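Residues per chain, in single letters:
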Amino acid sequence: MRRESFFARNPSVVVFLLCLAAFTLVVSVMSEGAGAGLISTSFIKTLGKTLCLCLVAVAMDLVWGYTGILSLGHFAFFGLGGYMVGMWLMYQRTHDIVAASMANATIPPTEQEIVDAIGTQIFGVVGSSEFPPVWAFADSLVIQLALVVLIPGLLALVFGWLAFRSRVTGVYLSILTQAMTLALSLYLFQNDSGLRGNNGLSGLQNLPGVEASQAVVSIWFLWASALALGLGYLLAAWVVSGKFGSVIRGIRDDEARVRFLGYSVEGYKLFIFVLTAVIAGIAGALYYPQAGIINPAEVAPIASIYLAVWVAIGGRGRLYGAVIGAAFVSLVSTWFTGGQVPSVNLGFYRIDWVEWWQVILGLSFVLVTLFAPKGIGGLFDLLAGRIVPNRHGADYGPDKGSFQEAEGRE
Amino acid sequence: MTMLLEVSGVSVTFDGFRAINNLSFNIGKAEMRAIIGPNGAGKTTFMDIVTGKTRPDEGKVLWGDKSISLIRMSEAQIARAGVGRKFQRPTVFEDQNVFDNLLLALKKNRSPFSVLTYKKSGEDVTKVEALATEIGLRDQLGRKSGELSHGQKQWLEIGMLLAQDPQLLLVDEPAAGMTHEEREHTTSLLVEAAKTRAVVVVEHDMEFVRRLNCKVTVLHEGSVLAEGSLDHVTANQQVIDVYLGR
Ligand SMILES: Nc1ncnc2c1ncn2[C@@H]1O[C@H](COP(=O)(O)OP(=O)(O)OP(=O)(O)O)[C@@H](O)[C@H]1O
Ligand SMILES: [Mg+2]
């Protein structure tokens, strides 16, 4: 029970951060942007996006694996983060284009004329040219970045406060979170939601005022995503390592008992719910500029269910499990659904992987849940064959090599 | 003597069934009390009411020198006010080791932010170690509590109660499933605790109750049937009819 440093008590965090740094370095060096051209820019973007998915999976593990709240709505927060940053990207880029084209006019345009022209450009597709009120701050990067954190945080605060206060738990809470993300996506689908309906926001890969090519920009985003994942992982590991982690795991296993110890269970749940929503928002804000486009389908209920599947397959209740699950499943999924996998012709039936992948994923989810509740992360404990050392619950195995492996398979 | 807990005229109905019927019950500051009674008499439900798990339909539950009503308070608030509870079946956090279980219960600021920044002090470690010694789990501190024997889990739960440093301990069937020696250890733990605080023990085992050597309250169909020394209540014909003579 001696006092040791955080890293000495959690060696797996050090291993993870080193693997992440090594991965980012190797990928950067091999990239097109660095001149090597061994990895295409589009694949760099896929890897960068994968890191963002790993980050939202860490958040999911925190809320589900550690606190026992099976939220099936965290992609709503992820999507909102994307929309917030997307609004600035779209506004500013359109502004630059419009200003440039108007600059040659004989009479210099007034600021109002520029704004009107931007409105026509952006909202033409939904038959409007007026800026809806939600775009009030779209011209300010600083405010939109603040909203990346504030909007998901606020939604989580209000939703969580209502749900936890009335002691909604288990399946009912899961259904409620699904309803939340469904409602959000239906709202965004409407043209008069002010966020371009089903068109969503596009052209997000172009950074306004940046001359660099996509090959270089993709590396920046890879780094930013890796940094965010590293910091998010560190924060999550810190939260779960101490007494706070002990309380939330207690809530997961027996929340009534925690209450009778004098802890306000609702307060703790709300704290974790809001914290993870904010992490999800940040992950989304980094994801969508790499994807280039965001539309309401991104926050459809199924997206949040996938998130739970990743964490289950990777192994919940251990942070590296969430990362492995998200990286592995989303990359394999990209591979299968990308159409590169040849179909198998059985004579009487053609197995088309784009569709069958869903079946495989669903099946592996069921199998993992039934036979390997610890997920892929649990396999590493088996492989290492180590006896659980005599220390505090949270820190599991030393090995995070798997992360690289999952990436390396591609 | 001023009372620590005053329950008066409390009733609870579950789907038309009156589990607690106009119950009144008082306990003083450093007092041991045993509650006995047949299955379904309402003993556990009584504890549920005091700890805020069940809201009574009518009646008063007053607490402490200032006679605060516990009825509107949440479970966590009541626990922080100084009521500790041990459940009928042992409930410890099986996934966590004995040390963490005790540390979780240790009386400290319970708000999320202060728990987040909590650093284990030498003083707290000493307290936990002393408690572990008291409950006979000094050598098991690093073990997952799920691996403990049934009796050890019961002690750990009593240890967690003591760690909370409550003024009132509500203990539901602490000796169930224990061997003879384990029972003796449990008795001494409770008797020791009752020197400085109020302890209410629900127990079916008469041998155990006798060793506690305290005032006994007999519950039947949700209200008090008899109260007094063990010899006094066991001589009561009604008590013999509904409970002892079954
Ligand atoms: N939540 C509930 N809903 C419906 N009925 C309940 C509830 N809790 C308790 N009861 C009923 O109230 C009565 C009293 O139950 P209680 O658990 O308090 O008895 P007890 O004295 O603790 O019995 P035992 O000695 O078996 O533990 C029982 O008939 C029980 O079925
Ligand atoms: Mg009972």
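Structure's up top.
Quick look at the structure, then. Predicted, not measured: the structure shown is a model, and the values here were computed from it.

## Describing the overall build of chain B
Phase 1 of the analysis: In terms of regular secondary structure, chain B is built from 10 helices and 10 strands.
Phase 2 of the analysis: Taken over the C-alpha trace, chain B has a radius of gyration of 18 Å; the compact-globule value for 246 residues is 18 Å, and the two agree within 12%.
Phase 3 of the analysis: When burial is assessed residue by residue, chain B has 55% of its 246 residues classed as buried.
Phase 4 of the analysis: Counting contacts in chain B only where the partners sit at least 6 residues apart, residues at least 24 apart contribute 67% of the total.
Phase 5 of the analysis: Just so you have it, chain B exposes about 10400 Å², and 48% of that area is on carbon and sulfur atoms.
Phase 6 of the analysis: For chain B, the distance from the average site of its 30 positive side-chain charges to the average site of its 32 negative ones is 5 Å.

## Structural notes on the packing of aromatic side chains
Residue and element names in this part refer to chain A.
Phase 1 of the analysis: What the rule picks out here adds up to 24 aromatic pairs over all chains.
Phase 2 of the analysis: Arranged with centres 5.9 Å apart and planes meeting at 90°, the rings of Phe-77 and Phe-273 form a pair that is edge-to-face. Within this pair, whereas Phe-77 is found in helix H4 (residues 74–102), its partner Phe-273 is found in helix H10 (residues 265–291), the two being separated by 196 residues in sequence.
Phase 3 of the analysis: Between the aromatic rings of Tyr-349 and Trp-356, the centroid separation amounts to 6.2 Å while the plane-to-plane angle is 80°, which identifies the pairing as edge-to-face.
Phase 4 of the analysis: Accessibility expressed as a relative area gives 37% for Tyr-349, which makes it partly exposed.
Phase 5 of the analysis: Through a chain of ring-to-ring contacts, the aromatic side chains of Phe-75, Phe-78, Tyr-287, Tyr-288 and Trp-310 assemble into a single cluster.

## Some words on the side chain of Arg-259 of chain A
Phase 1 of the analysis: Structurally, Arg-259 of chain A can be placed in helix H9 (residues 243–260).
Phase 2 of the analysis: We classify Arg-259 of chain A as buried; its relative accessible area is 6%.
Phase 3 of the analysis: Side chain to side chain, Arg-259 of chain A and Glu-255 of chain A meet in a polar contact 2.9 Å long.
Phase 4 of the analysis: Leave out the neighbours within four places in its chain, and Arg-259 of chain A touches Arg-167, Val-265 and Glu-266 of chain A together with Glu-75, Ala-76 and Ala-79 of chain B.

## Some remarks on the pairing of strand S8 (residues 198–202) of chain B
All names here are of chain B.
Phase 1 of the analysis: For S8, the tally of buried residues reaches five of five residues, placing the bulk of the element in the interior.
Phase 2 of the analysis: Covered by surrounding structure in S8 are Ala-198, Val-200 and Val-202 together with Val-199 and Val-201, the residues of both alternating faces.
Phase 3 of the analysis: Across four bridges, strand S3 (residues 32–36) lies against S8 in parallel orientation. Each residue of the ladder has a partner; that of Arg-33, found in S8, is Val-200.
Phase 4 of the analysis: In terms of strand pairing, strand S7 (residues 168–172) meets S8 through five bridges, oriented parallel.

Conventions we followed
- Residues numbered from 1 in each chain as written.
- Chains lettered and ligands numbered in written order.
- Predicted model: local features only at pLDDT ≥ 70, side-chain atom pairs only at ≥ 80, totals over all residues.
- Heavy atoms only, no water.
- Helix = DSSP H or I, 4+ residues; strand = E, 2+ residues; numbered from the N terminus.
- Rg over C-alpha atoms; globule rule 2.2 N^0.38 Å.
- Buried < 20%, exposed > 50% of the residue type's maximum accessible area, 1.4 Å probe, protein only.
- Contact = heavy atoms within 4.5 Å.
- Areas by Shrake-Rupley, 256 points an atom, 1.4 Å probe, with all protein chains shown as cover.
- Lys, Arg positive; Asp, Glu negative; His and termini not counted.
- Charge placed at Lys NZ, Arg CZ, Asp CG, Glu CD.
- Phe/Tyr/Trp six-rings, centres within 6.5 Å; stacked < 30°, edge-to-face > 60°.
- Polar contact = N/O pair within 3.5 Å; in protein donor to acceptor, adjacent residues only side chain to side chain.
- Pairing = 2+ DSSP bridges.

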